[in-house]
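What follows is the residue order along each chain.
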Amino acid sequence: MDLLLLAIGAIFVNNILLAQYLGNCPFCGVSKKLSTSVGMGLAVIFVATLASIFTWFAYHYILKPYNMEFIRTLAFILIIAALVQFVEIFLKKQSKTLFNALGIYLPLITTNCAVMGITLLNIKYEFNFIEVIVFSAASAAGFTIAIILFAGLRERLIIAPVPKAMQGTAIALVTAGIMSMAFLGFTGMVK
Amino acid sequence: MLMPIVVLWGIGFVAAVILGVASRIFYVEENPRIKGVLSLLPGANCGGCGYAGCNSCAEAIVNGTSQVNACVIGQTEVANQIAEYLGMAMVDSEIAVATRDCSGGVRAVKKYEYSGLDDCRAAMLYYNGPIKCNRGCLGLGTCVNACKFGAITMGPDNLPIFDPERCVGCGECVRACPKGIISIISEKSKILHWNQYTECLAPCRQKCPAQIDIPKYIHYIKDGKFKEALLTIKERNPLPLVCGRVCPEPCALACRRTISDDPVAINYLKRFAADWEMNSGQRLHIPVAPASGKKVAIVGSGPAGLSAAYFLCRLGHEVTIYEKRSQLGGMLRYGIPEYRLPKKILDWEIEGILELGITARTNVDFGSDFTIDFLRAEKYDAAFMAVGAWDEHSLNIEGINLNGVYSGTNFLERFHNNESVEIGKNVVVIGGGNTAIDAARSSLRLGAESVTIVYRRSRDEMPANPAEIIAAEEEGIEFCFLSAPTKILNDNNVVDSMEILKMKLGEPDPSGRRRPVPIKGSEEIIACDMVIQAIGQFPNLDFLGKDKSNILQITKWNTINAEEDTLQTDVPYIFTGGDCFTGPGLAIEAIAAGRYAARSIHYYVTDGKIPPIIDKQKSIISESLHQSIVGVAPKPRVHEPIVTLQDRLGTFKEVEGTIDEEDARYEATRCLNCGVFCYNQDLEEQSDAQTLN
């Protein structure tokens, strides 16, 4: 039950994009088409979960014993970058279909703040291993839902009569703001 | 201080080692040629080719899933280098450029209909004013921004204009256009495309069996661009000289101008454009795709066979036509009399088609001279059976086998076989179709004193072209409507007279025409010494019986059995179309069937499977049907020059003439340039509307 609450909280209440404002670059950059946003979302779920597992182990079995918690941000960047590269190499050899589906998005995620943020939040909230998996997968799912919804809106925005000054990223950010306010409605649903 | 650095360095070192080992273990054997091709590509990673970056594009080129000219930035130069590197010969490839199918501008607005009212003010106010179009261009310029090559600009009427020099056919604008009105068109896709409900189609384009872009070519004629006009026609119809003379213009029936005026003389314009080419003495260059290495045999050289041959040849296939008679043309040559379609003109047109690189073999009869087995042995990848409908139905009445009784097709064919055609004094033609009229008018020209057409229904039910009926009446052919022959009387085995029974019209039959019902005791005798019966034709498929290797099925209507959506017969590599599949029809329908079969055959010999057409337009799109047209004043239609009656009789001189350039350009201005529901209003009206706005 706690895990379910944790998942719902991560997806809706503390949505990584709309409540915590992390991962805004792909949110604006890859949300122009529904199909690309789906690909991006799936890649984030995949990488965020894996990265969380690895960083959690690194934190608890390498950094903590040596009292090195304060360099975790730097260490995580290194680990995530290496991990994504490894996954790419691995997929290319082992699963051509998965590589073709996620291939273009994987390098984009290497330096993604949403993934980074999830791994750091895992530490901040002092989750255990199971909770880490649930929380990171749910947070990434929240990211996916938000970016897919947003892509749907942006596909409609293209044909809407938008004033010249507001076209493009400007109207996208305004829309994101309104979506964020809508997601505020979930606050208080889970404590 | 030292410790964190060591730890970070340690993590980095471990990661580097793991990655190094991993790249060794999971090393993917890559074709070295991919790297070679990659080095030739510009490396912009623009994605214009449709692949994720230049690397994927290079891989696709090496694997053969993409063409050497896939790179949209590099263009021909890079494509040549890559082709050279891969050891391929570069042949002229097709240019594909973006076009839009929306004429936009100040067009007629859509009206809000309400409870039978033509225009509901309240509904219009509710929807914030009139809708111009719910399909056409919005004028937002999304495509301008999407184009990486600066090939699109917004024109003065807020419609995108494409620069074919700069367009590389990458398709970015197609993906960006929210209304789906931009498409990448190559010569091949023009041939393979079939009308869809989702397109913006003028009523005439929906009605024309061959789907010629009629408003487009009329627009070109208006601007004096006759070459472009004719090329537009030839995208869909290889026989404009023929159709300009014999087509009964199904398109004109759908012309939106008919709502309050005479239809645009579409066929006069087609004939004008076609004659313009012939009279210029120089043939237009028709683009032909590079050779595909596939061979297709065409059996029959009528309009369906010629059309299929033309389109297959243009798609790059090697085509051979097999014809039973001594000359090509089928019914066009042997069924249509000289005064409607001079043979010199038909020859010129067929010659033009053959010049594209088509081989024709005449005097070879399918079934006796060659068979399906022969076609297989000759390594044909597919065959198209277009043998037409040559056999005449025969009346089952007394005396039908007497001397002096002919069948319509047989009678018309005699003009070409150097057989002497003896003509009677009083000729009776039985039937109400075009063959009957052709036989009657030909008899008159041969010197018959009187020619009577006996038809069992009334004039309104006659299937012949209305123009032909009028011409026959003018020439003095008598019509004996509502009469059915009951017996042919003889004098010494020679036709002497015919007994007819009067009819009246009863209930409509399944075809919608009213059924003739005999009136008892109303027999009459009409004197005649020659009878031509032309009561309908059907395909002669006897050759299928002669061919031992035959496996084609015949339907109960005595036509070749085939799949309607693909024209594929029970033998997968044999296709059919035209009269031998549908029963007797119009030339333009056979031409359309030829292109449809060419599409199926092209996909069959290249891909092995024939993709279905999504949303294929079969009936008129209901939103294109208007009750009235606003802002269009009637404008008189041009008349074509016609040979006087005195000059017609006794010779087979062509009766109808071609309109001149001035008339053609005037007639072209009568076209409303329709979209699916928009159309051009008269200019005065438009400027009024603009000042109001």
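Residue positions are given per chain, counted from 1 along the sequence in the order it is written. To read the labels, note that chains go from A and ligands from 1, taken in the order they are written. Only residues with pLDDT of at least 70 get local features here, since the model is predicted, and only at 80 or more are side-chain atom pairs given and counted; chain-wide, interface and lining totals rely on the full set of residues.

K.L.:
Looking at this model, I keep getting lost on unusual backbone geometry. Mind explaining?
P.N.:
If a residue is not glycine, its phi is most likely negative; likewise, a peptide bond is most likely trans. Positioned with a positive phi, Leu567(B) is a non-glycine residue whose angle comes to about 65 degrees. Structurally, the position occupied by Leu567(B) is in the loop between helix 22 (542-546) and strand 20 (574-576). Numbering of helices and strands runs from the N terminus, with a helix taken as a DSSP run of H or I at least four residues long and a strand as a DSSP run of E at least two residues long.

K.L.:
Quick question: what am I supposed to make of the sheet that holds strand 11 (residues 426-430) of chain B here?
P.N.:
Either a parallel or an antiparallel arrangement is found when strands of a sheet pair, and the pairing is made through backbone hydrogen bonds. Residues and elements named next belong to chain B. A pair of strands counts as paired when DSSP detects no fewer than two bridges linking them. Here five strands make up an open sheet; going across it, the order is 10-18-11-12-13 and the pairing parallel. Of all strands in the sheet, those with a lone pairing partner are strand 10 (405-407) and strand 13 (478-480), marking the two edges. Each strand axis lies, on average, 25 degrees off the axis of its neighbour in the sheet, ignoring direction. Bridge count for strand 12 (residues 450-454) against strand 13 is three bridges, and the pairing is parallel. Opposite Val-454, over in strand 13, you have Cys-480 as the bridge partner. Where helix 20 (residues 434-445) meets the sheet, its contacts fall on strand 11, strand 12 and strand 18 (530-533), and the angle it forms with strand 12 comes to roughly 170 degrees. Every axis in this analysis is a line fitted to C-alpha atoms, fitted for helices over the stretch in contact. Angles between the N-to-C directions lie between 0 and 180 degrees. Residue pairs qualify as contacts under a 7 Å threshold applied to their C-beta atoms, which are placed from the backbone.

K.L.:
I keep staring at the confidence of the model for chain B and nothing clicks. Help me out?
P.N.:
The predicted coordinates should not be examined in detail at positions where pLDDT is low. Residue and element names in this part refer to chain B. A residue's pLDDT is the confidence the predictor assigns to it, expressed on a 0 to 100 scale. With 90% of its residues at a pLDDT of at least 70, chain B reaches an overall mean of 84. Here residues 685-693 scores under 50 on pLDDT; set against residues more than four positions off or in separate chains, the count is four contacts. Overall fold confidence for the complex sits at a pTM of 0.73, while the interface term, ipTM, reaches 0.78.

K.L.:
Got a minute to help me understand the packing of helix 4 (residues 72-94) of chain A against helix 1 (residues 2-25) of chain B in this structure?
P.N.:
Helix-helix packing: each pair is described by the crossing angle between the helix axes and the interaxial distance. It is at 10 Å that the axes of helix 4 of chain A and helix 1 of chain B come closest, and there the two elements cross at 0 degrees. In terms of orientation, helix 4 of chain A and helix 1 of chain B fall into the roughly parallel class. The residues of helix 1 of chain B that touch helix 4 of chain A, namely those facing Leu74(A), Ala75(A), Leu78(A), Ile79(A), Ala82(A), Gln85(A), Phe86(A), Ile89(A) and Phe90(A), are Leu8(B), Ile11(B), Gly12(B), Ala15(B), Ile18(B), Leu19(B), Ala22(B) and Ser23(B). Considering only residue class, the contact of helix 4 of chain A with helix 1 of chain B consists of 14 nonpolar, three polar and no charged. Just so you know how the angles are binned, under 35 degrees is roughly parallel, over 145 roughly antiparallel, 65 to 115 roughly perpendicular, and the rest oblique. Only Asp, Glu, Lys and Arg are considered charged, only Ala, Val, Leu, Ile, Met, Phe, Trp, Tyr, Cys and Pro nonpolar, and every remaining residue, Gly among them, polar.

K.L.:
Hey, could you run me through the interface of chain A and chain B in this one?
P.N.:
Often, the extent of an interface is quoted as the loss of accessible area on bringing the components together. Facing 18 residues of chain A, the contacting portion of chain B comprises 18 residues. Per-element tally for the side of chain A that touches chain B: the top contributor is helix 4 of chain A, with 11 residues. Classifying every residue of the side of chain A that touches chain B gives 14 nonpolar, two polar and two charged.

K.L.:
Hey, could you run me through the sheet that holds strand 7 (residues 359-361) of chain B in this one?
P.N.:
Residues and elements named next belong to chain B. Strand order across the open sheet formed by five strands is 7-6-5-8-20, with parallel pairing between neighbours. With partners counted over all chains shown, the strands left at the sheet margins are strand 7 and strand 20, one partner each. Strand-to-strand twist of the sheet, defined as the mean angle between neighbouring strand axes without regard to direction, takes the value 20 degrees. Two elements, strand 5 (residues 295-299) and strand 6 (residues 318-322), share five bridges in a ladder whose sense is parallel. Each residue of the ladder has a partner; that of Ile-298, found in strand 6, is Ile-321.

K.L.:
Where do I start with the packing of helix 15 (residues 303-314) of chain B against helix 24 (residues 587-606) of chain B in this structure?
P.N.:
Residue and element names in this part refer to chain B. Two elements in contact, helix 15 and helix 24, have axes whose closest approach is 7 Å; the angle formed by their N-to-C orientations is 40 degrees. As summarised for this structure, helix 15 and helix 24 are arranged oblique, according to the angle between their axes. In the packing of helix 15 onto helix 24, the handedness of the crossing is right-handed. Contacts between helix 15 and helix 24 involve Pro-303, Ala-304, Gly-305, Leu-306, Ser-307, Ala-308, Phe-311 and Leu-312 from the first element and Ala-587, Ala-590, Ile-591, Ala-593, Gly-594, Arg-595, Ala-597, Ala-598, Ile-601 and His-602 from the second. Left-handed describes a crossing whose near helix is turned anticlockwise from the far helix through less than a right angle; right-handed describes the clockwise counterpart.

K.L.:
Please clarify how the nonpolar core should be interpreted in this entry.
P.N.:
By convention in this section, buried Ala, Val, Leu, Ile, Met, Phe, Trp, Tyr and Cys residues joined through C-beta atoms within 7 Å make up a nonpolar core. Here a residue counts as buried when 20 or more other C-beta atoms sit within 10 Å of its C-beta, as exposed when there are 12 or fewer, and as partly exposed otherwise, the C-beta atoms being derived from the backbone. Formed by 165 residues in total, the largest nonpolar core has its most connected members in Ile298(B), Ala309(B), Phe384(B) and Val429(B). The element best represented in this core is helix 24 of chain B, accounting for 12 residues. In contact with Phe384(B), other than residues within four places in its own chain, are Val296(B), Ile298(B), Val299(B), Gly305(B), Ala308(B), Phe575(B), Ala597(B) and Ile601(B). Residues Met40(A), Leu91(A), Ala146(A) and Ile11(B) belong to the second largest nonpolar core, which totals 49 residues.

K.L.:
Is there a simple way to explain helix 24 of chain B in this structure?
P.N.:
Every α-helix carries 3.6 residues per turn, so stepping three or four residues along brings you back to the same face. Residues and elements named next belong to chain B. In this analysis, the expected span of each helix is defined as 1.5 Å times one less than the number of residues it contains. For helix 24, built from 20 residues, the straight-helix expectation of 28 Å at 1.5 Å per residue is met to within 8% by its first-to-last C-alpha distance of 28 Å. Most of helix 24 is tucked away, with 17 of its 20 residues classed as buried. One or two steps after helix 24, the chain reaches Gly-608, where phi turns positive at roughly 90 degrees.

K.L.:
Is there a simple way to explain helix 9 (residues 169-184) of chain A in this structure?
P.N.:
Residue and element names in this part refer to chain A. Under the 1.5 Å per step criterion, the end-to-end length of helix 9 is 22 Å for 16 residues, consistent within 8% with the ideal 22 Å. Residues Ala-172, Ala-176 and Phe-183 constitute the buried set of helix 9. Seen along its axis, helix 9 keeps its buried residues to an arc of 40 degrees; they face one direction. Looking at helix 9, the residues exposed on the side facing more than 90 degrees away from the buried face are Ala-170, Gly-177, Ile-178, Met-181 and Ala-182. Buried residues along helix 9 sit against helix 1 (2-13), helix 2 (24-29) and helix 8 (129-158). In this context, the arc is that of the directions from the helix axis out to the C-beta atoms.

K.L.:
Even after reading the chapter, I still don't get the confidence of the model for chain A, so can you show me in this structure?
P.N.:
Across chain A, the average pLDDT comes to 85, with 97% of residues at 70 or higher. When pLDDT is averaged over each element of chain A, helix 8 of chain A comes out on top at 91 and helix 5 (residues 96-102) of chain A at the bottom at 71.

K.L.:
Would you mind going over the pairing of strand 5 of chain B with me for this structure?
P.N.:
Each regular strand displays side chains that alternate between the two surfaces of the sheet. All names here are of chain B. Of all five residues in strand 5, four are buried, a share of seventy percent or more. With helix 15 bridging strand 5 and the parallel strand 6, this β-α-β connection has right-handed handedness. Where strand 5 and strand 8 (residues 382-385) come together, four bridges link them in parallel fashion. Counterpart to Ala-297 in the pairing with strand 8 is Ala-383. Consider the strands pointing away from the viewer: the crossover is right-handed when the path from the first strand over the helix to the second runs clockwise.

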